[in-house]
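# Architecture at a glance
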Number of protein chains: 2
Amino acid sequence: MTETLIDAVALFQEAAQLAASTLERFADREEPVVHYLEPEALKQALDLELPRQGRGLDEAMELAKKTLHYSVATGHPRFLNQLFGGYDPAGLLGEWITALTNTSMYTYEAAPVGTVVELAVLQKLADFVGFEDCEGVLAPGGSLANLMAAIAARHVHFPHVKQHGLRADDRPVLFCSAEAHYSIKRAAMVLGIGTDGCVQVPVDEVGRMIPAELERLIEEAKAAGQNPFFVCATTGATVTGAFDPVDAIADVTERHGLWLHIDGSYGGSALLSEAHRHLLRGSDRADSMTWNPHKMMGLPLACAALLTKKRGTLTKSMAMNAEYLFHEDSEPEYDLGDRSLQCGRRVDALKLWFSWQATGDEGFEQRIDDLFDQAESLRGLVRERKGFRLIRNQEGTNVCFRYLPHAHRNAVGEERVRREHEATLRIRREMAREGSFLVNYAQLDGAATFRAVASNLETTTDDLSAMLDRIEAE
Amino acid sequence: MTETLIDAVALFQEAAQLAASTLERFADREEPVVHYLEPEALKQALDLELPRQGRGLDEAMELAKKTLHYSVATGHPRFLNQLFGGYDPAGLLGEWITALTNTSMYTYEAAPVGTVVELAVLQKLADFVGFEDCEGVLAPGGSLANLMAAIAARHVHFPHVKQHGLRADDRPVLFCSAEAHYSIKRAAMVLGIGTDGCVQVPVDEVGRMIPAELERLIEEAKAAGQNPFFVCATTGATVTGAFDPVDAIADVTERHGLWLHIDGSYGGSALLSEAHRHLLRGSDRADSMTWNPHKMMGLPLACAALLTKKRGTLTKSMAMNAEYLFHEDSEPEYDLGDRSLQCGRRVDALKLWFSWQATGDEGFEQRIDDLFDQAESLRGLVRERKGFRLIRNQEGTNVCFRYLPHAHRNAVGEERVRREHEATLRIRREMAREGSFLVNYAQLDGAATFRAVASNLETTTDDLSAMLDRIEAE
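What counts and what doesn't
Residues numbered from 1 in each chain as written. Chains lettered and ligands numbered in written order. Predicted model: local features only at pLDDT ≥ 70, side-chain atom pairs only at ≥ 80, totals over all residues. Helix = DSSP H or I, 4+ residues; strand = E, 2+ residues; numbered from the N terminus. Rg over C-alpha atoms; globule rule 2.2 N^0.38 Å. Buried ≥ 20, exposed ≤ 12 C-beta atoms within 10 Å, placed from the backbone. Contact = placed C-beta atoms within 7 Å. Nonpolar A, V, L, I, M, F, W, Y, C, P; charged D, E, K, R; others polar. Core = buried A, V, L, I, M, F, W, Y, C linked by C-beta atoms within 7 Å. Expected span 1.5 Å × (residues − 1). Arc of directions from axis to C-beta. Least-squares fit on C-alpha atoms with pLDDT ≥ 70 in both. Domains from an automatic or database assignment. Pairing = 2+ DSSP bridges. Axes fitted to C-alpha atoms, helices over the stretch in contact; angles between N-to-C directions. pLDDT = per-residue confidence, 0-100. Parallel < 35°, antiparallel > 145°, perpendicular 65-115°, else oblique. Left-handed = near helix turned anticlockwise from the far one by under 90°.

## Focus: the overall build of chain A
A count of helical and extended segments in chain A gives 14 helices and 12 strands. Computed over its C-alpha atoms, the radius of gyration of chain A comes to 24 Å, within 12% of the 23 Å expected for a compact globule of 474 residues. Its C-alpha atoms put chain A at 75 × 60 × 45 Å along the principal axes. With 474 residues in all, chain A has 61% of them scored as buried.

What follows is the structure, given as structure tokens:
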């Protein structure tokens, strides 16, 4: 072995040790979720100067240790901040092998394993959705998957746009709920439609799109000379976790001949559970769906699937026929580059394959059920406690609640809401800075509201109670 | 330690062993570049059934080994197929730590280390470009970086589009060379401009955009009532490796008040070399630039930077003001999510940081110089050999050549080109199937042409001669 190779091997062995101690840290409640520093202080603590002269692999290892020390421990059971959390050893192994095989997904020739594996995992997901002969692609995140769905839909409804651009009489409009992810509105911006062309449909008391309102708004748009083409049903809204009623929405989109997209970035995984898949009833009637295994399924970022029902739609909308890459003598069915907005594309399929083989349908189903139960048990704890209240009727794995401090327990009406708002901002910031718990907040029904996400099976009822204790102890 | 934890630790240690033997394989010329199987056979060889019942972590390790066996060894010195190759241990370590810290780049709170590191590496790249106060963001690849640049430019020239959409009198057009990457044309499609709104400017005998032709086409478009807004100069064309003359193009774009973007996805790294940075002279006059460290700099995929000159431009064009994520009480300067098309975004900055600290400016400069030398030495070998010829005058790290088989040595004119074309297709396919060499081809000046890319410093003159021997031995 050459010297470089020996150094590299030593490096990997040390990296394996680091991985082991990181996982141990995740199991230790005495460890903070983050060693928080303000940006300027963090810049000092890290060595951000990029030197003229290289410092060698040992230096890289030093940076690895510093990185682990100052990073947020998203695998920690007291991290409830984002729509992902925990960790998955099989998925991690998949990421390492992806890095080691370092290739790009555009052609079968460059990524034979990645290609057949991606096709297999996409069809597996599609089977749960009810797309029998799916054309799909992995994307670097749900936002880009949603954007690609909107492009495919635009191509079906306005086929001239690909070559000739939007015409004055096209006037396309798309629809999503008032609590949909901002990537839908942004897709309207990107596509040249403009954010005004993204109509936000009112939601019910849970946060679910109201199908009758959708229909009313579609008819209004048509009456105004606009051309509705795309409806996004959100299953697992970012803040409330709510599931739009897909089946009833499909009735509307079918009546009006519109493309139905499901943004299941977050909640798509409920399809894996017998007990919860009713939340996506009617998914097989959609034209496309985004589903991120890196959220509820616990895979490392990024693993986000765009699934379309009708083979060819995605490729037709996206392909630029780049001859240098996609050769005539190759097998187009296996050259996936033409169905993506990306050219070079990291292999995100391996981790899902490894994880699925290790975990199985049953393992994932158990995981989903347990996360739903965890959220329900947090709701129970919140209901029980004086000073706490749940905001809205809730479904899914997000728990939105507010806390009214002891000093203001008599506050009512607007004053109560204002006190809750202030307490949310102050307390969650303190917790984030001390690293005791990371739990996010969002504006909901007029005030800052805690949003705790069930995403890690290692999070126990004791952890959840300890979080409420900490909030109360402010 | 719990049982799961012990299993995971054992898994990582085995993964470190796998990494070591993979790197050893890269050093062994007896090892093929790929154990090639046709798709159906590969599906049989891998286990693509995703089971109901999980098979545990041992199964994941089995899949890892199979993956390594059937993957293309892009780190092998006889892999010259794509615009990337080789391997970088510090970068690999960065990828592993990224997977381990598993977080998303939208906010400082979720990714404190990733955020300050990304800002530091982006400014380091920008310093080479000549953007003193850069606003940039890492993207999952050059195509999406180019798309974001076009969105930023559109927002500057047609600010109403973000909210109100394209108007009939906007008629935007953009320009790139006839040999630019297809992502520019696709950006026109995505943005609702249509591919007809992407004007392809003729190139010279090397493959470089002709500035006078650009100016002529801009004036033609204006005369036709169209509104030019964006010019993409390609530095390091995908097929020929050619560098558009940025300085002369900037004269044109400044005269006409257009946004100048440099697609330096491939060749941007020439800026790191005293000897070769003249190829990008005038880069500081551009408004934005794409530069992929995962290509010439040897970082693992994906590491692609979009750099813009004027702070605020990118954020203004992209931001949707998603309150749930980007809190009022946070520090907007450090919440990078609003300057990207993505929401969740993998941390791609760590590997570049690790690698830069390990390698240094000087190490990267040496690397770039050596790759340019390697390409030049392959050109020398091609020139020397009977039956081989270089196609076009060439610059950069791509070598485009054709071979005329012994049996047809007397062929001239169109027949010669046809024979070369057939030989290229046949021979490179044979090599790819037997795994001796992976070298790509593209249609160039009317016929299939070998395109060998210098991307791995371990590739020796002996390897290059052996490749030509193999071609000749067909």
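## A look at the interface of chain A and chain B
Each side of the interface is counted separately: chain A has 126 residues, and chain B has 125 residues. A per-element tally of the side of chain A that touches chain B places helix 1 (residues 3-26) of chain A first, with 13 residues. Looking at side-chain class alone, the side of chain A that touches chain B contains 70 nonpolar, 36 polar and 20 charged residues.

## With respect to the nonpolar core
Grouped together as the largest cluster of nonpolar side chains are 329 residues, with contacts concentrated most on L307 of chain A together with L307 of chain B. Beyond its immediate chain neighbours, meaning those up to four positions away, L307 of chain A contacts L122, L125, A126, V129, F131, C134, G136, S288, M289 and W291 of chain A. Residues F158, V161 and L166 of chain A together with L166 of chain B belong to the second largest nonpolar core, which totals 6 residues.

## Some remarks on helix 14 (residues 461-472) of chain B
Residues and elements named next belong to chain B. Between its first and last C-alpha atoms helix 14 spans 16 Å; for 12 residues at 1.5 Å apiece the expected length is 16 Å, and the two agree. Listed in full, the buried residues belonging to helix 14 are L464, M467, L468 and I471. Each buried residue of helix 14 sits inside an arc of 95° when the element is viewed along its axis, so together they form one side. Residues of helix 14 that are exposed and angled more than 90 degrees away from the buried face: D462 and D469.

## Observations concerning the relation of the copies chain A and chain B
These two copies of the chain differ by a rotation about an axis and a displacement along the same axis. Each copy superposes on the other: chain A lies on chain B with an RMSD of 0.0 Å after a rotation of 180° and an axial shift of 0.0 Å. Viewed as a symmetry operation, the transformation between the two copies matches a two-fold axis. Counting the interface residues of chain A, we find that 99% of their copies in chain B are interface residues as well, pointing to one common contact surface.

## Quick notes on the domain arrangement of chain A
Residues and elements named next belong to chain A. On domain assignment, one finds that chain A holds domain 1 (104-346) and domain 2 (357-472). A straight line from the C-alpha centre of domain 1 to that of domain 2 covers 30 Å. With 20 residues of domain 1 at the contact, the number on the domain 2 side is 19 residues. Each residue belonging to the side of domain 1 that touches domain 2 can be placed in one class, and the counts come to 9 nonpolar, 9 polar and 2 charged.

## Some thoughts on the pairing of strand 12 (residues 447-453) of chain B
Residue and element names in this part refer to chain B. Along strand 12, 7 of the 7 residues are buried, which leaves the element largely enclosed by surrounding structure. Note that strand 10 (residues 398-403) and strand 12 share 4 bridges and pair antiparallel. Bridge assignment links F401 to a residue of strand 12, and that residue is F450. Note: strand 11 (residues 438-444) against strand 12, 5 bridges, orientation antiparallel. Counterpart to N440 in the pairing with strand 12 is R451. Where strand 11 folds back on strand 12, the antiparallel hairpin that results is connected by 2 residues, among which D445 adopts a positive phi of roughly 50°.

## Points about the environment of G207 of chain B
Residues and elements named next belong to chain B. With respect to the helices, strands and loops of the structure, G207 is situated in the loop between strand 4 (198-201) and helix 9 (211-223). Overall, the presence of 27 C-beta atoms within 10 Å leaves G207 in the buried class. Measuring from C-alpha to C-alpha, the distance between G207 and A120 comes to 34 Å, with 87 residues separating the pair along the chain. The residues touching G207, leaving out its near neighbours within four places in the chain, are E179, A237, T240, A242 and R392.

## Things to note about the environment of S436 of chain B
Residues and elements named next belong to chain B. Within the secondary structure, S436 is located in the loop between helix 13 (413-434) and strand 11. The spacing of S436 and F79 is 357 residues in sequence and 8.9 Å in space, taken between C-alpha atoms. Aside from chain neighbours lying at most four places away, what touches S436 is P32, R78, M431 and R470.

## Quick word on the pairing of strand 7 (residues 288-291) of chain B
All names here are of chain B. Alternating positions in strand 7 separate into two faces, S288 and T290 on one and M289 and W291 on the other, with burial throughout. Examined bridge by bridge, strand 6 (residues 259-264) and strand 7 share 4 bridges and lie parallel to one another. Paired with G264 across the two strands is W291, which belongs to strand 7. Alignment of strand 7 against strand 8 (residues 304-308), held across 4 bridges, turns out to be antiparallel. Looking at strand 8, one finds that S288 is bridged to T308.

## A look at the sheet that holds strand 9 (residues 388-390) of chain A
All names here are of chain A. Reading across the sheet, the 5 strands line up as 1-11-12-10-9 and stay open at both edges, with mixed pairing between neighbours. The open sheet is flanked by strand 1 (79-80) and strand 9, the only strands paired with a single partner. Running over the sheet, helix 12 (residues 349-384) touches strand 9, strand 10 (398-403) and strand 12 (447-453) and is turned about 15° from strand 10. The strands touched by helix 13 (residues 413-434) within the sheet are strand 10, strand 11 (438-444) and strand 12, with strand 12 carrying the most contacts at an inclination of about 45°.

## Quick notes on unusual backbone geometry
In the segment running from L301 of chain A into A302 of chain A, the intervening peptide bond is cis, with an omega of -10°. Within the secondary structure layout, A302 of chain A lies in the loop between strand 7 (288-291) and strand 8 (304-308). Even without a glycine there, the phi angle at R171 of chain B is positive, about 40°. Within the element layout of this structure, R171 of chain B appears in the loop between helix 7 (161-164) and strand 3 (172-177). Residue R171 of chain B is classed as partly exposed on the basis of its C-beta count, with 17 C-beta atoms lying within 10 Å.

## Side note on the confidence of the model for chain A
Of all residues in chain A, 99% have pLDDT values of 70 or greater, and the mean over the chain is 96. In the predicted complex, the global pTM is 0.98; the interface-specific ipTM is 0.98.

## Quick notes on the sheet that holds strand 11 of chain B
Residue and element names in this part refer to chain B. Pairing is mixed in the open sheet, where 5 strands are placed in the order 1-11-12-10-9. The sheet is open, and its two borders are formed by strand 1 (79-80) and strand 9 (388-390), each paired with just one other strand. Packed on one face of the sheet, helix 12 (residues 349-384) meets strand 9, strand 10 and strand 12 and runs near 15° to strand 10.

## Brief notes about the environment of E219 of chain A
Residue and element names in this part refer to chain A. Its place among the elements puts E219 in helix 9 (residues 211-223). Note on E219: 12 C-beta atoms within 10 Å, which makes it exposed. C-alpha of E219 to C-alpha of H256: the two residues are 37 residues apart in sequence and 9.1 Å apart in space.

## Some points on the packing of helix 6 (residues 142-157) of chain A against helix 8 (residues 182-190) of chain A
Helix packing for two helices is described by the angle between their axes and how far apart those axes are. All names here are of chain A. Here helix 6 crosses helix 8 at 50°, and the two axes come no closer than 9 Å. In terms of orientation, helix 6 and helix 8 fall into the oblique class. In this structure, helix 6 meets helix 8 at a crossing whose hand is right-handed. Along its contact with helix 6, which presents G142, S143, N146, L147 and A150, the element helix 8 presents S183, I184, A187 and V190. Here the contact of helix 6 with helix 8 is composed, by residue class, of 5 nonpolar, 4 polar and no charged.

## Remarks on helix 1 (residues 3-26) of chain B
Here helix 1 of chain B is 24 residues long and its end C-alpha atoms lie 35 Å apart, about the 34 Å a rise of 1.5 Å per residue gives. Within the span of helix 1 of chain B, buried status applies to A8, L11, F12, A15, A16, L18, A19, L23 and F26 of chain B. Those residues of helix 1 of chain B that are buried are in contact with helix 1 and helix 4 (89-101) of chain A together with helix 3 (57-70) of chain B.

## Digging into the packing of helix 9 of chain B against helix 10 (residues 246-256) of chain B
Residue and element names in this part refer to chain B. It is at 9 Å that the axes of helix 9 and helix 10 come closest, and there the two elements cross at 20°. Relative to helix 10, the element helix 9 is oriented roughly parallel. Taken as a pair, helix 9 and helix 10 cross one another with a handedness that is right-handed. Residues P211, L214, E215 and I218 of helix 9 form the contact with helix 10, whose own contacting residues are A248, I249, D251, V252 and H256. Looking at the contact of helix 9 with helix 10, its residues break down into 6 nonpolar, 1 polar and 2 charged.

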